[in-house]
Amino acid sequence: SQTIHQWPATLVQPVGSPLSLECTVEGTSNPNLYWYRQAAGRGLQLLFYSVGIGQISSEVPQNLSASRPQDRQFILSSKKLLLSDSGFYLCAWSAPLAGEPYEQYFGPGTRLTVT
Amino acid sequence: LAKTTQPISMDSYEGQEVNITCSHNNIATNDYITWYQQFPSQGPRFIIQGYKTKVTNEVASLFIPADRKSSTLSLPRVSLSDTAVYYCLVGDYSGNTGKLIFGQGTTLQVKP
């Protein structure tokens, strides 16, 4: 069966510090991968998605970046965190070919607090 | 991706049937309608997906009228554990990106 992992589960970082969040998927090949952010009390905002190694599409201009160095590894980074980067970060995957039903599977999330 | 409109919040009591309606007036021919459930501090979980008429699974039913400009998620006999945020999404997933655009969702509060 497929499993998605995210770490760390929680993180407290000062403004201006770097960030690296990691997501890995097991039990599937060539998945589509996604990064979302959810601010407190808000809906999910799609940040990045990837359909293959090295292929990253950005949805929202910001000080974050994403990379996919391996097929089932997705990394979210920042060189300098802002207070507004605080939130709940979720990684998700889906099968590469659409079928019925189409479903995304979400990881446990990382709670980031920028102080 | 079509814009969706759904109530911000709803209250219900244990044992009742809950119906959450979502409007998507600009739905396209190839778009599917999908509902996700999210508990606090967890990622969303797929509930149900449909294209037209009625879809039912072990968790919920999805009713879609002929014009497909709205849809209704029906949760039978809710319990306290159904308290969550419910998201309605509309999109064409036939492409290989599969992007999902989440709105604000409907916060369902089930009371004893």
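Preceding this paragraph is the structure being described.
Report follows, based on the coordinates. Computed from a prediction, not measured in an experiment: that's the story for all the values here.

1. What about the layout of surface pockets?
Reasoning step 1: Of the volumes computed, that of the largest pocket is approximately 370 Å³.
Reasoning step 2: Taken together, 21 residues make up the lining of the largest pocket; nearest its centre are Gln38(A), Gly41(A), Arg42(A), Val85(B) and Tyr87(B).
Reasoning step 3: Of all the secondary structure elements, the ones that give two or more residues to the lining of the largest pocket are strand 8 (84-91) and strand 9 (106-111) of chain B.
Reasoning step 4: A total of 3 residues in the lining of the largest pocket trace back to one element, the largest contributor, which is strand 8 of chain B.
Reasoning step 5: In terms of residue class, the lining of the largest pocket is made up of 9 nonpolar, 10 polar and 2 charged.

2. Topic: the interface of chain B and chain A
Interface size is commonly expressed as the accessible surface area that is lost when the partners come together.
Reasoning step 1: Across the boundary between the two partners, chain B contributes 21 residues, which contact 25 residues of chain A.
Reasoning step 2: Between chain B and chain A, the buried area comes to about 1800 Å², and carbon and sulfur atoms account for 53% of it.
Reasoning step 3: The tally of links from chain B across to chain A stands at 0 salt bridges.
Reasoning step 4: Joining chain B to chain A, the criterion identifies 5 residue pairs in polar contact (both at pLDDT 80 or more).
Reasoning step 5: Mapped by element, the contributors of at least two residues to the side of chain B that touches chain A are strand 3 (32-38) and strand 4 (45-50) of chain B.

3. Observations regarding the packing of aromatic side chains
Reasoning step 1: Taken as a whole and assessed by the stated rule, the structure comprises 12 aromatic pairs over all chains.
Reasoning step 2: Following the ring pairs from residue to residue traces out a cluster consisting of Tyr34(A), Tyr36(A), Tyr49(A), Phe106(A), Tyr36(B), Phe46(B), Tyr87(B) and Phe102(B).
Reasoning step 3: When the ring centre of Tyr51(B) is taken as origin, the NZ or CZ atom of Arg68(B), which lies over that ring, is 4.0 Å away.

4. Structural notes on the sheet that holds strand 7 (residues 64-70) of chain A
Residues and elements named next belong to chain A.
Reasoning step 1: Across the sheet, which stays open at both edges, the 4 strands sit in the order 1-3-8-7 with antiparallel pairing between neighbours. Of all the strands in the sheet, just strand 1 (3-7) and strand 7 have a single pairing partner and so form its edges. Ignoring strand direction, the axes of neighbouring strands in this sheet form an average angle of 20 degrees.
Reasoning step 2: In this sheet, strand 8 (residues 73-78) lies alongside strand 3 (residues 19-26) in antiparallel orientation, the contact comprising 6 bridges. Bridge pairing in strand 8 places Thr24 opposite Gln73.

5. Concerning the environment of Pro7(B)
All names here are of chain B.
Reasoning step 1: Structurally, Pro7 can be placed in the segment before strand 1 (9-13).
Reasoning step 2: Residue classification places Pro7 among the partly exposed positions, given a relative accessible area of 31%.
Reasoning step 3: C-alpha of Pro7 to C-alpha of Thr106: the two residues are 99 residues apart in sequence and 5.5 Å apart in space.
Reasoning step 4: In this structure Pro7 touches Ile20, Thr21, Gly105 and Thr106, once residues within four positions along its chain are discounted.

6. Some points on the side chain of Thr110(A)
Residues and elements named next belong to chain A.
Reasoning step 1: Within the secondary structure, Thr110 is located in strand 11 (residues 110-114).
Reasoning step 2: The class for Thr110 is buried, based on a relative accessible area of 0%.
Reasoning step 3: Here Pro8 takes part through its backbone oxygen, which lies 2.5 Å from a polar atom of the side chain of Thr110.
Reasoning step 4: Residues within four places of Thr110 in sequence aside, it is in contact with Gln6, Trp7, Pro8, Ala9, Leu21, Gly87, Phe88 and Tyr89.

Here is what the cut-offs are and how they apply
- Residues numbered from 1 in each chain as written.
- Chains lettered and ligands numbered in written order.
- Predicted model: local features only at pLDDT ≥ 70, side-chain atom pairs only at ≥ 80, totals over all residues.
- Heavy atoms only, no water.
- 1 Å grid on protein atoms, 1.4 Å probe; cavity = no way out; pocket = protein on both sides within 12 Å on 5 of 7 lines; lining within 4 Å.
- Points joined across faces, edges and corners; volume = space filled by probe spheres on them.
- Helix = DSSP H or I, 4+ residues; strand = E, 2+ residues; numbered from the N terminus.
- Nonpolar A, V, L, I, M, F, W, Y, C, P; charged D, E, K, R; others polar.
- Contact = heavy atoms within 4.5 Å.
- Buried area = accessible area lost by both parts, 1.4 Å probe.
- Salt bridge = Lys/Arg side-chain N within 4 Å of Asp/Glu carboxyl O.
- Polar contact = N/O pair within 3.5 Å; in protein donor to acceptor, adjacent residues only side chain to side chain.
- Phe/Tyr/Trp six-rings, centres within 6.5 Å; stacked < 30°, edge-to-face > 60°.
- Lys NZ or Arg CZ within 6 Å of the ring centre and 35° of its normal.
- Pairing = 2+ DSSP bridges.
- Axes fitted to C-alpha atoms, helices over the stretch in contact; angles between N-to-C directions.
- Buried < 20%, exposed > 50% of the residue type's maximum accessible area, 1.4 Å probe, protein only.

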